[in-house]
Structure formats: structure tokens, C-alpha cells
Amino acid sequence: MMKIIYQRIFAIIIMCIPGILAIYGWTVMRDILFDYLAGQGFALLSFLGALVLFLLGLSIIGGFIFHRDKKRNKIQPRLLGKKEDPDKVRKPGF
């Protein structure tokens, strides 16, 4: 029983890492934008790095939620994509 609790705590900690990355990226982008509006130069490389952190963290969390909901059949059919018919699958060489 205790093993299950530790696994859940460990999973929560692992899922917090992308959230922390996204929050840090958002904060750096906000600071760069406010500094630019205050009259300082625009740090393009730092802004792009923060944007990558933000999008990476957001996509990991979104992908996790989508995968979890897909396993539990809570996704709309139009988001699942089309399943190929085995008779219509093209075989190599034909």
C-alpha cells in the first residue's frame, strides 16, 4: 500500500518539472518584454530561449493530459484521427 503512495508522489513531482519550466519561461519572457517597454534593449536570444522553455513545458503537460484522457475514452472522435481500414492500406511495391 505504501508503494502506491510513493509512486503517486513521485509521479506528481515529475509532472511538476514541466510546469516549473513553463512558469520560468513565462516569467523571463514577461521580464524581457517589460524591460523593453521601459526603454532597455530587447534581448532576442533570451526571449527565444524562454519561449522554447514555455512551449516545451506546456506541450508536455498538454500531451500528458491528452494521453490520459485518450486512455479513459474521454476524447472527442474528431480529435482521435482516422483509423486506416486494413483493406485500403497500401502495400509496398504496389
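In what follows, the structure referred to is the one given above.
Quick notes on the layout of surface pockets
Approximately 290 Å³ is the volume attributed to the largest pocket. As for the largest pocket, its lining consists of Arg 8, Ala 11, Ile 12, Met 15, Phe 64, Arg 68, Lys 71 and Arg 72. Only α1 (2-37) and α2 (44-71) provide two or more residues apiece to the lining of the largest pocket. Among the residues forming the lining of the largest pocket, the class breakdown is four nonpolar, no polar and four charged.

Looking at the pattern of salt bridges
Here the structure, examined in full by the defined rule, presents two salt bridges. With a shortest N-O distance of 3.4 Å, Arg 30 and Asp 31 are connected by a salt bridge. Asp 31 gets classed as partly exposed once you look at its relative accessible area, which sits at 35%.

A short note on α2
Counted at 1.5 Å a residue, the expected span for α2 with its 28 residues is 40 Å, and the 40 Å between its end C-alpha atoms agrees. Within the span of α2, buried status applies to Ala 50, Phe 54, Gly 57 and Asp 69. Those residues of α2 that are buried lie in contact with α1. Downstream of α2 by one or two residues, Asn 73 has phi in the positive range, about 55°.

A word on unusual backbone geometry
Backbone geometry places Asn 73, a non-glycine residue, at a positive phi of 55°. Relative to the elements of secondary structure, Asn 73 occurs in the loop between α2 and α3 (77-80).

Some thoughts on the packing of aromatic side chains
This structure, assessed with the given rule, holds three aromatic pairs. On the basis of an interplanar angle of 45° and a centroid distance of 5.5 Å, the ring pair of Trp 26 and Phe 54 is categorised as tilted. Of this pair, Trp 26 sits in helix α1 while Phe 54 sits in helix α2, and the two are 28 residues apart along the sequence. Plain terms: the ring middles of Tyr 36 and Phe 42 are 5.4 Å apart, the flat faces sit at 80° to each other, and that makes the pair edge-to-face. Put simply, the rings of Tyr 36, Phe 42 and Phe 47 pair up and form one aromatic cluster.

As for the packing of α1 against α2
Following both chains from N to C, one finds α1 and α2 inclined at 150°, their axes separated by 7 Å at the closest point. The angle between the axes of α1 and α2 places the two elements in the roughly antiparallel class. Both α1 and α2 take part in a crossing whose hand is left-handed. Residue-level contacts link Met 15, Pro 18, Gly 19, Leu 21, Ala 22, Tyr 24, Gly 25, Trp 26, Val 28, Met 29 and Ile 32 of α1 to Ser 46, Phe 47, Ala 50, Leu 51, Leu 53, Phe 54, Gly 57, Leu 58, Ile 60, Ile 61 and Phe 64 of α2.

Conventions adopted
Residues numbered from 1 in each chain as written. Predicted model: local features only at pLDDT ≥ 70, side-chain atom pairs only at ≥ 80, totals over all residues. Heavy atoms only, no water. 1 Å grid on protein atoms, 1.4 Å probe; cavity = no way out; pocket = protein on both sides within 12 Å on 5 of 7 lines; lining within 4 Å. Points joined across faces, edges and corners; volume = space filled by probe spheres on them. Helix = DSSP H or I, 4+ residues; strand = E, 2+ residues; numbered from the N terminus. Nonpolar A, V, L, I, M, F, W, Y, C, P; charged D, E, K, R; others polar. Salt bridge = Lys/Arg side-chain N within 4 Å of Asp/Glu carboxyl O. Buried < 20%, exposed > 50% of the residue type's maximum accessible area, 1.4 Å probe, protein only. Expected span 1.5 Å × (residues − 1). Contact = heavy atoms within 4.5 Å. Phe/Tyr/Trp six-rings, centres within 6.5 Å; stacked < 30°, edge-to-face > 60°. Axes fitted to C-alpha atoms, helices over the stretch in contact; angles between N-to-C directions. Parallel < 35°, antiparallel > 145°, perpendicular 65-115°, else oblique. Left-handed = near helix turned anticlockwise from the far one by under 90°.

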